[in-house]
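Chain and residue survey
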Amino acid sequence: SKMASHNNNREGTVIPLAPTEAELVAAEGLEKPESFVPRTTQTGDDWDHRRKQVPVSVQGPLGSSYTVFETNWTCPDCETSNVATRPRCFQCRAKKPAFQLPEASAETTTPSGEWKEVFDASKKQLYYHNTGTGETRWERPEEMGPTPHSSGWFGRGAAGLKTEGYEQNDEAFLKRPARKQVDYVAAKHTILEGAYEYNIWWHKTVNGEREKDLREPNETRCVVATDAGRTKADDERNRNYAQANFCVFFARGACAKGKDCRYFHRIPVKRDLERFGKDETKDVFGRERHRDFRDDMLGVGSMTKPCRTLYVGGLNKAEYDSPKAMEAALWRNFGEWGELENVNLVSRLSIAFVRYRFRTSAEFAKEAMDRNHLDASENLNVRWAHEDPNPVAEEATNRADADAVTEMLKANNNTQVDAGNALVAFDTPADYAVTATTKRQRDQLLGNDRRHYYPDTDAQYDEETKDGDDAREKKRHHTQQWTPVVDPPDGSTYWWETEKNQTSRQTPPALA
């Protein structure tokens, strides 16, 4: 029978179910992934110019930061063109002229005009507001210039990228039932619950198989245009509607339940940000995050570091006409899963770093593209990316986080900004510093001097108060009546207090 045949092949190759003719026709009316590729990648002249630029700084007023780039420089002696990172001319070895950053002027430094970043407390994300016209939008306006080299905790989006197509496609998906991607889920892609030991710290199952031996290419791939649709998770009458998550098998293109699945069969969009922003301990698939990343940067990820950047290895540059074509393929294939912020292609190493605006999109894309392909026959190795050690990226991260924190405080009416766009400090002393809280920190800072374990409170009292304390201490000693007495055996003198009948060999403080 058909069922018996399926049971016998559960360990074998999974054959995806092809979409019907009606599903293909419906997919033609959706926004294509090509529309999510920015203009600078599509236009040859802009792309070539951008590849010759190197980020050197982040400037701009509060809430309107942008990246400053340095382009290739021409040698003043031999007029040879050199890349921006080369300190000397490769032809005549002349020293590179000093690069001058633009001066900090409110009229000239920022190309943003009247656009500012504003924090949305419900979605926990930044959007853009025009203070002159009152217009608001999620997409980063092209007038604001390039996105900061590193956007820190919160994404900013790519400048000039049109993303309303994601919302339009999502509305179309909810009007149709989700289709089955495969006829069954192969047993080799599942783990029998309770049969193996599970490491809760590293999210690994000890089953005798090494993960590197499972790096064979995926047999299926999710195609959102034909596969996405409405499931039981989208029914608000479902008692588990508020706790529903996305289907990890759908992301891998291997869900056999279709419209009967209890998880979402679509990609995360803006309306899902509030839902998944309430619980930082779980990802979009409902899996528990961990405190730190795994050593191999695989797995669910970290709850303390909201990474939105994916490392993409295994690119096959020999099958692309140019690096431009490969970068366009990265934008197109990874842009299918959500709004991209930046794609950094390192063509000579056949790797790339893909940064999403929202963490939910990065989590979905990691499952969808790992061990999958772009336009060629790759077997991609997709992992979480380490933090960029570039000093310019670190400066951009600190600046981006500072801007975001300021906007968060403004959203809660906890601070204000003066006319010069400088953050007004809280009412604390100029030399205020956070006191070390643990014994180890105090020992490292202060050594064995236990007197410094407690704050010095003398500054809280004025001079008159301290003078009054000294006077009271002297008065207390003066009220005591000390009389010198000669000791007969050795002729020495000691002191005797007549009222309390006390003796002392030392001179009393009141008589010193």
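Keep in mind the model is a prediction, meaning the values are calculated, not measured.

**Brief notes about helix α5 (residues 164–173)**
Regarding α5, the residues found buried are Gly165, Tyr166, Asn169, Asp170 and Phe173. Projected onto a plane normal to the axis of α5, the buried residues spread over an arc of 140° and lie on a single side. Of the surrounding elements, those touching the buried residues of α5 are α6 (224–227).

**Structural notes on the sheet that holds strand β16 (residues 502–504)**
In space, the three strands of this open sheet follow the order β14-β15-β16, with antiparallel pairing throughout. Two strands close off the open sheet at either side, each with one partner strand: β14 (482–486) and β16. Taken over all neighbouring pairs, the strand axes of this sheet differ in orientation by 30° on average, direction set aside. In terms of strand pairing, strand β15 (residues 493–497) meets β16 through three bridges, oriented antiparallel. Counted as the bridge partner of Trp496 is Thr503 from β16.

**A word on the sheet that holds strand β5 (residues 115–120)**
Spatially, β5-β6-β7 is the arrangement adopted by the three strands of the open sheet, whose pairing is antiparallel. Because the sheet does not close on itself, it has two edges, and the strands there are β5 and β7 (136–137).

**Observations regarding the pattern of salt bridges**
As enumerated under the stated definition, the model contains 24 salt bridges in all. Between Arg179 and Glu23 there is a salt bridge, with the nearest N and O atoms lying 3.9 Å from each other. One end of the pair, Arg179, is in the loop between α5 and β8 (197–199); the other, Glu23, is in helix α2 (residues 21–28), and 156 residues separate them in sequence. With a relative accessible area of 12%, Arg179 lands in the buried category. Assessed through its relative accessible area of 23%, Glu23 is described here as partly exposed. For the salt bridge of Glu367 with Arg287, the shortest nitrogen-to-oxygen distance reads 3.1 Å. With Glu367 in helix α10 (residues 359–369) and Arg287 in the loop between α8 (273–277) and β10 (309–313), this pair connects stretches of sequence that are 80 residues apart. Overlapping salt bridges bring together Asp170, Asp234, Arg266, Arg271 and Asp272 as one network.

**Considerations on the side chain of Arg294**
By the element assignment, Arg294 lies in the loop between α8 and β10. On the basis of relative accessible area, Arg294 is assigned to the buried category, the value being 6%. There is a polar contact of 2.8 Å between the side chain of Arg294 and the side chain of Asp296.

**Some remarks on the packing of aromatic side chains**
Aromatic ring pairs are defined here through the distance separating the ring centres and the angle between the ring planes. Counted under the stated rule, the structure contains eleven aromatic pairs. Relative to Phe264, the ring of Phe246 lies with its centre 5.2 Å away and its plane at 55°, an arrangement referred to as tilted. With a gap of 18 residues between them, Phe246 in the loop between α6 and α7 (248–251) and Phe264 in the loop between α7 and α8 connect regions that are remote in the sequence. Neither Phe246 nor Phe264 differs from the other in exposure class; each is buried. When the centroid spacing of 6.3 Å and the interplanar angle of 50° are considered together, the rings of Phe293 and Trp384 count as tilted.

Calculation notes
- Residues numbered from 1 in each chain as written.
- Predicted model: local features only at pLDDT ≥ 70, side-chain atom pairs only at ≥ 80, totals over all residues.
- Heavy atoms only, no water.
- Buried < 20%, exposed > 50% of the residue type's maximum accessible area, 1.4 Å probe, protein only.
- Helix = DSSP H or I, 4+ residues; strand = E, 2+ residues; numbered from the N terminus.
- Arc of directions from axis to C-beta.
- Contact = heavy atoms within 4.5 Å.
- Pairing = 2+ DSSP bridges.
- Axes fitted to C-alpha atoms, helices over the stretch in contact; angles between N-to-C directions.
- Salt bridge = Lys/Arg side-chain N within 4 Å of Asp/Glu carboxyl O.
- Polar contact = N/O pair within 3.5 Å; in protein donor to acceptor, adjacent residues only side chain to side chain.
- Phe/Tyr/Trp six-rings, centres within 6.5 Å; stacked < 30°, edge-to-face > 60°.

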